[in-house]
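Below, each chain spelled out in residue letters.
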Amino acid sequence: MILLKVKCDQGNLKKKEGLKDAPDLIVKDFKNYFLGENGKTPVFSVEEVKQSSQGIAKTHELIFNKANQILKKSFLTSIGGDHSITHPLFKAFSKRFNKVGLVYLDAHADCENDTGLPTYEDVLRRIISEGLVKPWNVILIGLRNWTEQEKRFIEQSKIKVFSMKDVANEGVDETIEAVRYLLSRCENVYASFDIDVVDPAFAPGTGWPEPCGLTSREALQFVQALAVLKKVKAFDLVEANTDPTTIHLCSKILFEYLSHKQ
Ligand SMILES: [Mn+2]
């Protein structure tokens, strides 16, 4: 298994700091975990891609090429970085595989108006409008703050949404069951995990903390359930800054993903 550090914060529109430093800190923090909760030890090697001084377009090209290379021999597991990195990562994934699905855990919809290049505000909209995935094979989980135009886009494009309110009302197990059912029409699934889907009480170190989110344990339930699905072949974790509590949780989440993927 290859773990890719994507040290990029150029898609954050300069509003946030520390995102490109999180991957190193998260990998270093693995030393605090021994076995996964399933009793397995994750086996992986670490590679990295750094952002280009020539700007985000060049950086995304580097990320795309690296992801492409990795997908030829391994599953793709990536640590960001701001959420814009999901665009080149998912693009490489969807060019390689058929019948792709995208599970997107995020407090936000990331479907704002196109800014020209994918940023953390519009990355999901870009992925859909470029035809990299059929919108009905996109599942957004944990949404709790959205704009009028995002609401319109989601309704028009028919993305499946399990809002934070839905998750709270239905329960995590029932939501996971519904997600699994929806994924039955996909053969290859990419899961993108924005740390802001977790409540800021557990993960304060992110650019746009949104109250009333998942507990850290609920977030882990989703990740463990996704990891054991064979069709889930790529995972990314994004939007953490250098806050130690948040780094330690991100490290746990990735460690669990990797050990459940063994
Ligand atoms: Mn996001």
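Values in this document were obtained by computation on a predicted structure and should not be read as measured data.

**A short note on the overall build of the protein**
Regarding its fold elements, the protein presents 9 helices and 8 strands. The principal-axis extents of the C-alpha atoms in the protein amount to approximately 45 × 45 × 35 Å. Sequence separation of at least 24 residues holds for 75% of the intrachain contacts in the protein that already meet a minimum separation of 6. When the accessible surface of the protein is summed, it comes to about 10900 Å², and 51% of that surface belongs to carbon and sulfur atoms. Charge centroids of the protein, computed over 35 positive and 35 negative side chains, lie 8 Å from each other.

**Quick notes on the coordination of the manganese ion**
Here the manganese ion is held by His 83 (ND1), Asp 106 (OD), Asp 110 (OD) and Asp 194 (OD), and the distances to it run 2.0 to 2.3 Å. Here the donor residues for the manganese ion map to a single chain with the spacing H-x22-D-x3-D-x83-D. In this pair, His 83 is assigned in the loop between β3 (76-79) and α3 (86-96) and Asp 110 in the loop between β4 (100-105) and α4 (123-129), connecting sequence segments 27 residues apart. Taking relative accessible area as the criterion, His 83 reaches 0% and is therefore assigned buried. Judged by relative accessible area, which is 4%, Asp 110 ranks as buried.

**Comments concerning the sheet that holds strand β1 (residues 2-7)**
One open sheet holds the 8 strands; their spatial order is β2-β1-β3-β8-β7-β4-β5-β6, and the pairing between them is parallel. With partners counted over all chains shown, the strands left at the sheet margins are β2 (45-50) and β6 (160-162), one partner each. The sheet shows a mean angle of 15° between the axes of neighbouring strands, direction not considered. Here helix α1 (residues 22-29) sits on the sheet and contacts β1, β2 and β3; the angle it forms with β1, its principal contact strand, is near 145°. Sheet strands in contact with α3 are β1, β3, β4, β7 (188-194) and β8 (232-238), and its direction is about 170° off that of β7.

**What about helix α2 (residues 56-71)?**
With 16 residues, α2 should reach 22 Å at 1.5 Å per residue; the first-to-last C-alpha distance of 22 Å fits that figure. Within α2, burial applies to Ile 56, Thr 59, His 60, Ile 63, Phe 64, Lys 66, Ala 67, Ile 70 and Leu 71.

**Comments concerning the packing of α2 against α3**
Following both chains from N to C, one finds α2 and α3 inclined at 40°, their axes separated by 8 Å at the closest point. Taken together, the axes of α2 and α3 lie oblique to each other. Both α2 and α3 take part in a crossing whose hand is right-handed. Residues His 60, Ile 63, Phe 64, Ala 67, Asn 68 and Leu 71 of α2 form the contact with α3, whose participating residues are Pro 88, Leu 89, Lys 91, Ala 92, Phe 93, Lys 95 and Arg 96.

**Side note on the nonpolar core**
Counting residues in each nonpolar core, the largest one holds 48 residues, and the members touching the most others are Ile 141, Leu 183, Phe 193, Ile 195, Phe 235 and Ile 253. Broken down by element, the residue count for this core peaks at 8 residues, all from helix α9 (residues 244-260). Excluding its chain neighbours within four sequence positions, the residues that come into contact with Ile 141 are Val 103, Tyr 104, Leu 105, Asp 106, Phe 162, Val 167, Val 179, Val 197 and Phe 222. If you look at the next biggest cluster of nonpolar residues, it comprises 37 residues, including Ala 67, Ile 70, Leu 89 and Val 133.

**As for the side chain of Gln 224**
Position of Gln 224 among the secondary structure elements: in helix α8 (residues 216-227). The residues contacting Gln 224, other than those within four sequence positions of it, are Glu 37, Arg 217, Glu 256 and His 260.

Procedures and definitions
- Residues numbered from 1 in each chain as written.
- Predicted model: local features only at pLDDT ≥ 70, side-chain atom pairs only at ≥ 80, totals over all residues.
- Heavy atoms only, no water.
- Helix = DSSP H or I, 4+ residues; strand = E, 2+ residues; numbered from the N terminus.
- Contact = heavy atoms within 4.5 Å.
- Areas by Shrake-Rupley, 256 points an atom, 1.4 Å probe, with all protein chains shown as cover.
- Lys, Arg positive; Asp, Glu negative; His and termini not counted.
- Charge placed at Lys NZ, Arg CZ, Asp CG, Glu CD.
- Donors = N, O, S within 2.8 Å, 3.2 Å for Na, K, Ca; no water.
- Buried < 20%, exposed > 50% of the residue type's maximum accessible area, 1.4 Å probe, protein only.
- Pairing = 2+ DSSP bridges.
- Axes fitted to C-alpha atoms, helices over the stretch in contact; angles between N-to-C directions.
- Expected span 1.5 Å × (residues − 1).
- Parallel < 35°, antiparallel > 145°, perpendicular 65-115°, else oblique.
- Left-handed = near helix turned anticlockwise from the far one by under 90°.
- Core = buried A, V, L, I, M, F, W, Y, C linked by side-chain atoms within 4.5 Å.

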